[in-house]
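Chains, contacts and geometry: an overview
One-letter residues, chain by chain:
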Amino acid sequence: MQDEGNKTNGFLLLILANMIWGGNFVIGRIGVDYFPPVLFSLMRWIIAFLLLTPFMTKQLKNDWKIIRKHMKILLLLAVTGIAGYNTVIYVALQYTTSINASVVNSTTPLFIAILAVFILREKLLAHQAAGIILSVFGIIFVISKGSFEVFLSWKINAGDLYVLAAVFMWALYSVIGKKYADVLPLLSAFYISVFLGILLLVPLSLVEYLWLQAAKPVFTLHSIGILLYVGFLASIMAFLSWNIGVHIIGAAKAGVFLNLLPVFAIIFALCFTHEKLYLYQIIGGGIVILGVVLSSRRTLRLRTHSQEDTFSA
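Residues numbered from 1 in each chain as written. Predicted model: local features only at pLDDT ≥ 70, side-chain atom pairs only at ≥ 80, totals over all residues. Heavy atoms only, no water.

1. Quick notes on the overall build of the protein
Secondary structure assignment for the protein yields 14 helices and zero strands. In sequence order, the secondary structure elements of the protein are arranged as α-α-α-α-α-α-α-α-α-α-α-α-α-α. Split into buried and exposed, the 313 residues of the protein put 53% on the buried side. Considering only residue pairs separated by 6 or more positions, the protein has 91% of its internal contacts joining residues 24 or more positions apart. Accessible surface, the protein: about 15,300 Å² in total, of which carbon and sulfur atoms supply 69%. (Helix = DSSP H or I, 4+ residues; strand = E, 2+ residues; numbered from the N terminus. Buried < 20%, exposed > 50% of the residue type's maximum accessible area, 1.4 Å probe, protein only. Contact = heavy atoms within 4.5 Å. Areas by Shrake-Rupley, 256 points an atom, 1.4 Å probe, with all protein chains shown as cover.)

2. Structural notes on the packing of aromatic side chains
Tallied over the entire structure, the rule returns 16 aromatic pairs. Geometrically, the ring pair formed by Phe 137 and Phe 141 is tilted, given 6.4 Å between the ring centres and 40 degrees between the ring planes. Note that Phe 137 and Phe 141 are positioned in helix α6 (residues 126-143) at a spacing of four residues, about one turn of the helix. On the accessibility criterion, Phe 137 (46% relative accessible area) is partly exposed. Given a relative accessible area of 21%, Phe 141 falls into the partly exposed group. (Phe/Tyr/Trp six-rings, centres within 6.5 Å; stacked < 30°, edge-to-face > 60°.)

3. Notes on the environment of Phe 168
When you line up the elements, Phe 168 lands in helix α8 (residues 158-179). Residue Phe 168 is classed as partly exposed on the basis of its relative accessible area, which comes to 38%. Put simply, Phe 168 and Ile 112 are 56 residues apart on the chain and 8.1 Å apart in space, counted from C-alpha to C-alpha. Those residues in contact with Phe 168 that lie beyond four places of it in its chain are Phe 111 and Leu 115.

4. Examining helix α13 (residues 279-295)
Relative to the 24 Å expected for 17 residues at 1.5 Å per residue, α13 spans 24 Å between its end C-alpha atoms, a close match to the ideal helical length. Those residues of α13 lying buried are Tyr 280, Gln 281, Gly 284, Gly 285, Ile 287, Val 288, Gly 291, Val 292 and Ser 295. For α13, the angular spread of buried residues about the axis comes to 160 degrees, placing them on one side. Of the residues in α13, the exposed ones pointing more than 90 degrees away from the buried face are Leu 279 and Leu 290. Looking at the buried positions of α13, the neighbouring elements they touch are α4 (98-105), α5 (108-119) and α6. (Expected span 1.5 Å × (residues − 1). Arc of directions from axis to C-beta.)

5. So, the environment of Gly 31
Relative to the assigned elements, Gly 31 resides in helix α1 (residues 2-31). With 192 residues separating them along the chain, Gly 31 and Ser 223 place their C-alpha atoms 6.8 Å apart. The residues contacting Gly 31, other than those within four sequence positions of it, are Phe 40 and Ile 226.

Such coordinate-based values are descriptive only and should not be taken to indicate function.
So, in structure tokens, the structure goes:
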């Protein structure tokens, strides 16, 4: 009876994580109206870093020798997963809808499987290859708005392509994280990668403001609430919920819950923004999810580890 209750809690935590991450796309779409994308990402991680600091001093002291030894790897994680992925997503949300962004983002496991072949020498099984091809077709269907003419004329929204670039960064981050999963302590590695990400984003934010003449940030109760959402809920709460849920349920079973992310994003977008859901998004999104499910039927060892090591979204 206690095990059943524990499993129920695990399922609820996985659902909560994807609900928060789904909301992050919608909140991010609204947030770029208040903050330039690089500054938005910078403030998000500063909030997360400050909130984590009181709880990390003792743990970091214990893990410091390992952390110091692998500082170059943590810098690479900071470039791809902290500074890179989130910033590019916020840039993308200036040009595309949160619905499109969440659908394109759902191909992340497939990008991870592809990079694993080249970086980790993992074998790509036949059903995985079929799932990847199917999902690629789904993504093309979404970004071309279901129109063959749009695809041929290459009148594709730049924002959707930015999301694909962000997904590649996150997949690279996940594969690197998997490779060093048995070496790096999860929380300390996350904390230090956030710190390094902040150091990277500070000069980029200055470039954005001084040379690219980005709009000045607008601070209101609404925009501060957005910052707290992305800084606490999306960066810390969802991270903890996901990892605890994976620990209870197991990574292989938890993987299917990732497909809830675009579902929540669509629901929130329809409820809280002026976005509309189009038939091409439903069809393309369905094809993408079908491809992900097909490629995940027999989960690779990489997929298992990469889900356990997911830091944020």
